[in-house]
Amino acid sequence: MARVRYCENCGARLPLKASARRRYCDDVCRSQAYRRRVASDRIWTLGMMLAEAEHLGDRRMIRLLTCPECGVITFAGAIHRIDMRYCSGKCRSRAYRRRAARRARIAAAA
Ligand SMILES: [Zn+2]
Ligand SMILES: [Zn+2]
């Protein structure tokens, strides 16, 4: 009796007749799994870059790879658009409020 196996991407049960080498239920799952593997390779590379930047004290690179507000690693500068550099909407709005408050202080002092 064939062993029941599951898609490595979505966990759906593979047909019993599926060949022993088959790991995904369909092409969509196969390409999704491939993209995920590529993405995790990239994250690993970026993690190495960040470790090296911290070692060298490369502030610019560290800023590029982490949320400027809370320091959470986002890799935003490398994999997202630059306007995505905050880890969350919360950090983005916190930074925005801080900038607005600073502008208001400057305006009040003038
Ligand atoms: Zn699947
Ligand atoms: Zn953050």
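As a reminder, the structure under discussion sits directly above these lines.
Residues numbered from 1 in each chain as written. Chains lettered and ligands numbered in written order. Predicted model: local features only at pLDDT ≥ 70, side-chain atom pairs only at ≥ 80, totals over all residues. Heavy atoms only, no water.

Where do I start with the coordination of the zinc ion (ligand 2) in this structure?
By definition of the ideal shapes, a tetrahedral metal site with four donors has angles of 109.5 degrees and an octahedral site with six donors has angles of 90 or 180 degrees. Within the protein, the atoms that donate to the zinc ion (ligand 2) are Cys67 (SG), Cys70 (SG), Cys87 (SG) and Cys91 (SG), at distances of 2.3 Å. Spacing between the donor residues of the zinc ion (ligand 2) along their common chain follows C-x2-C-x16-C-x3-C. Placement of Cys70 in the loop between α2 (59-65) and α3 (76-79) and of Cys87 in the loop between α3 and α4 (89-109) is noted, with a sequence separation of 17 residues between them. Classification of Cys70 as partly exposed rests on a relative accessible area of 39%. (Donors = N, O, S within 2.8 Å, 3.2 Å for Na, K, Ca; no water. Helix = DSSP H or I, 4+ residues; strand = E, 2+ residues; numbered from the N terminus. Buried < 20%, exposed > 50% of the residue type's maximum accessible area, 1.4 Å probe, protein only.)

Help me understand the coordination of the zinc ion (ligand 1) in this model?
Around the zinc ion (ligand 1), the protein supplies Cys7 (SG), Cys10 (SG), Cys25 (SG) and Cys29 (SG) as donor atoms, at distances of 2.2 to 2.3 Å. Viewed at the metal, the 4 donor atoms of the zinc ion (ligand 1) are separated by angles of 105 to 117 degrees, and the geometry they form is tetrahedral. Mapped onto the sequence, the residues coordinating the zinc ion (ligand 1) show the spacing C-x2-C-x14-C-x3-C. Of the two residues, Cys10 is situated in the segment before α1 (27-56) and Cys29 in helix α1; the sequence distance between them amounts to 19 residues. The class for Cys10 is partly exposed, based on a relative accessible area of 47%. (Tetrahedral: all angles 85-135°; square planar, octahedral: opposite > 155°, others 65-115°.)

Got a minute to help me understand the side chain of Arg5 in this structure?
Residue placement: Arg5 occurs in the segment before α1. No salt bridge is formed by the buried Arg5, whose closest oppositely charged neighbour, Glu8, lies at an N-O distance of 6.8 Å. A polar atom in the side chain of Arg5 sits 3.4 Å from the backbone oxygen of Ala20. A polar contact is formed between the side chain of Arg5 and the backbone oxygen of Arg22, at a distance of 2.8 Å. Ignoring any residue separated from it by four or fewer positions in sequence, one finds Arg5 in contact with Ala12, Arg13, Leu14, Ala18, Ser19, Ala20 and Arg22. (Lys, Arg positive; Asp, Glu negative; His and termini not counted. Salt bridge = Lys/Arg side-chain N within 4 Å of Asp/Glu carboxyl O. Polar contact = N/O pair within 3.5 Å; in protein donor to acceptor, adjacent residues only side chain to side chain. Contact = heavy atoms within 4.5 Å.)

Teacher, can you tell me more about the pattern of salt bridges here?
Side chains that carry opposite charge are capable of pairing whenever their charged atoms lie near each other. On inspection of all chains with the given rule, the structure shows 3 salt bridges. Notably, a salt bridge pairs Arg23 with Glu8, separated by 3.1 Å at the nearest N-O pair. Within this pair, whereas Arg23 is found in the segment before α1, its partner Glu8 is found in the segment before α1, the two being separated by 15 residues in sequence. Residue Glu69 is joined to Arg98 by a salt bridge in which the shortest nitrogen-to-oxygen separation is 2.8 Å. On the criterion of sequence distance, the pair formed by Glu69 in the loop between α2 and α3 and Arg98 in helix α4 is long-range, its members being 29 residues apart.

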